[in-house]
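One letter stands for each residue in the lines below.
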Amino acid sequence: MEVLLPGEIGMGFRKNITFVVKFKGATSFLLFFSRMTKISNFLYRDYSSFLAEHFDGKVQKLSVDGGFNCPNRDGTVGRGGCTYCNNLSFVPPYCHPGDSIRTQLELGKCFFGKKYPDMKYLAYFQSHTNTYAPLDRLRRLYEEALSVSDVLGLVISTRPDCLPDSLLDYLGELAQNYHVVVELGVESVDDRQLRQLNRGHTFQQAALAVNRLADKGIFTAVHLILGLPGDTPQSLLAQPAILSALPIHILKLHQLQIVKQTPMAEQFRREPSAFGALFQSPEEYVSLLVDYLPRLRSDIVLERFTAQCPEDLLIAPRWGMKNHELVALLKKEMRRRGVFQGQLYAP
């Protein structure tokens, strides 16, 4: 196993030694990590622990809207966008593309700083495709965010097919001094589902993007939706092995939600029987996760398990449960069944 020990990096990063394992030689590390889980009552590698490994003190993601479009809306790749997507369902109220990046971040800091005056931040470029612009414009926006006090890094949400080499070179350089995460909307490992969702890319393109980011030393997050039309327990439980074969650092999961003002909402109205995989209760979803996580590589960070659309936009499923309540339910069930992330993973 080849282990790299990066040197000290500044700008608020914790001054510690972090193991960076080259993926092809990670087996010994994973076996060691698996043994450690049995000692420490480990359930899964959570995002707060990941942040604590890289920063001193509390760190919060702050969403910003850079006024980007999407190639799946403007005709470059497709039109109409992804069938499930309504940006209003996840963008916080302080994000206005008419405001500068600095203004949006300062407004977000005011919101969180009242309770946590020592909080530090990651600028989260979230809405639409946040690499879909010329490099000079991207550079201006990203560096404007990094110039705001107490902002220690970037989280950039984008598509697998919007990562030109010149951008990866720039982000790789930026990652030498700042915490940089590129969050890829992958959504499914099944190309048939990707076509049904009007994603405009294949899973092979997503896998290639993950590998290209890893080659540049950039933290890579992957976003998946569980409970899509066509999903079965068997197909869902095949996902962890596919994902674990890629150099992914962070995984974001959530249940499918049918959101108003989307093509999927109309599909659901016309043919609700096509959505038989939709998780009708949090208990049903948690049961799937308890089977899913033991099959997943144990060093992958689980940032989230659920999405919470505003009530006035949500059609189904209507669980009436907060995110933290679902996490508590998940942990309770994992303990009851005596399972943990990576337990059944076979490299």
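Data block above holds the structure.
Residues numbered from 1 in each chain as written. Predicted model: local features only at pLDDT ≥ 70, side-chain atom pairs only at ≥ 80, totals over all residues. Heavy atoms only, no water.

A. Summary view of helix H9 (residues 263–270). Restricting attention to buried positions, one finds in H9 the residues Met264, Ala265 and Phe268. Projected down its long axis, H9 shows its buried positions confined to an angular sector of 105°, all on one face. Opposite its buried face, H9 presents the exposed residues Arg269 and Arg270, each directed more than 90 degrees away. On the buried face of H9, the contacting elements are strand S9 (258–259) and strand S11 (314–316). (Buried < 20%, exposed > 50% of the residue type's maximum accessible area, 1.4 Å probe, protein only. Helix = DSSP H or I, 4+ residues; strand = E, 2+ residues; numbered from the N terminus. Arc of directions from axis to C-beta. Contact = heavy atoms within 4.5 Å.)

B. Region of the structure containing the sheet that holds strand S7 (residues 219–226). Ordered by their spatial adjacency, seven strands build an open sheet running S3-S4-S5-S6-S7-S8-S10, and the pairing between neighbours is parallel. Strand pairing shows two members of the sheet lacking a second neighbour, strand S3 (59–64) and strand S10 (301–304), which therefore form its edges. Taking the axes of each pair of neighbouring strands and ignoring which way they run, one obtains an average angle of 25° across the sheet. Looking at chain direction, S3 and strand S4 (residues 120–125) are connected through six bridges and run parallel. By the bridge assignment, Leu62 is partnered in S4 with Ala123. Set on the sheet, helix H3 (residues 101–113) makes contact with S3, S4 and strand S5 (151–158); between it and S3 the angle comes to about 140°. (Pairing = 2+ DSSP bridges. Axes fitted to C-alpha atoms, helices over the stretch in contact; angles between N-to-C directions.)

C. Local environment of the pattern of salt bridges. Enumeration according to the criterion identifies 17 salt bridges in this entry. The shortest N-O distance in the salt bridge between Arg212 and Asp165 comes to 2.7 Å. Of the two residues, Arg212 sits in helix H7 (residues 203–215) while Asp165 sits in helix H5 (residues 165–174), which places them 47 residues apart along the sequence. Among the residues examined, Asp165 registers a relative accessible area of 53% and is labelled exposed. The residue Asp291 makes a salt bridge to Arg337 at a minimum N-O spacing of 2.4 Å. In this pair, Asp291 sits in helix H10 (residues 282–292) while Arg337 sits in helix H11 (residues 323–337), placing the two residues 46 residues apart along the sequence. Arg337 sits in the partly exposed class, given a relative accessible area of 33%. (Salt bridge = Lys/Arg side-chain N within 4 Å of Asp/Glu carboxyl O.)

D. Highlighting unusual backbone geometry. In this chain, Ala316 is followed by Pro317 through a cis amide linkage whose omega measures -10°. Residue position: Pro317 is located in the loop between S11 and H11. The backbone of His128 sits at a positive phi, close to 65°, despite the residue not being glycine. Topologically, His128 is positioned in the loop between S4 and helix H4 (135–146). For His128, a relative accessible area of 30% translates into the label partly exposed. With a phi angle near 75°, Glu187 is a residue other than glycine that sits in the positive phi range. With respect to the element layout, Glu187 can be found in strand S6 (residues 179–187). A residue is classified by how much of its surface remains accessible, and Glu187, at 5% relative accessible area, is buried.

E. How the structure looks around the packing of aromatic side chains. Considering all chains together, one arrives at eight aromatic pairs under this definition. Here Tyr47 and Phe50 contribute two aromatic rings whose centre-to-centre distance is 5.9 Å and whose plane-to-plane angle is 25°, an arrangement assigned as stacked. With Tyr47 and Phe50 both in helix H2 (residues 47–54) and three residues apart, the pair spans about one turn of that helix. Given the relative accessible area of 3%, Phe50 is considered buried. (Phe/Tyr/Trp six-rings, centres within 6.5 Å; stacked < 30°, edge-to-face > 60°.)

F. Fine view of the packing of H10 against H11. Between H10 and H11, the least distance of the axes is 9 Å, while the angle of their chain directions is 50°. Judged by the inter-axis angle, H10 sits oblique to H11. Handedness of the H10/H11 crossing: right-handed. From H10, Pro282, Glu283, Tyr285, Val286, Ser287, Leu289, Val290 and Asp291 reach across to H11, where they touch Leu326, Leu329, Leu330, Glu333, Met334 and Arg337. When the residues that make up the contact of H10 with H11 are grouped by side-chain class, the tally is nine nonpolar, one polar and four charged. (Parallel < 35°, antiparallel > 145°, perpendicular 65-115°, else oblique. Left-handed = near helix turned anticlockwise from the far one by under 90°. Nonpolar A, V, L, I, M, F, W, Y, C, P; charged D, E, K, R; others polar.)

G. Summary view of the packing of helix H8 (residues 233–244) against H10. Between H8 and H10, the least distance of the axes is 9 Å, while the angle of their chain directions is 40°. Considered as vectors, H8 and H10 are oriented oblique to each other. Of the two possible hands of crossing, H8 and H10 adopt the one that is right-handed. Touching Leu236, Leu237, Gln239, Pro240 and Leu243 of H8 are Leu288, Asp291 and Tyr292, all from H10. Its residues assigned to classes, the contact of H8 with H10 comprises six nonpolar, one polar and one charged.

Structural measurements only, silent on function.
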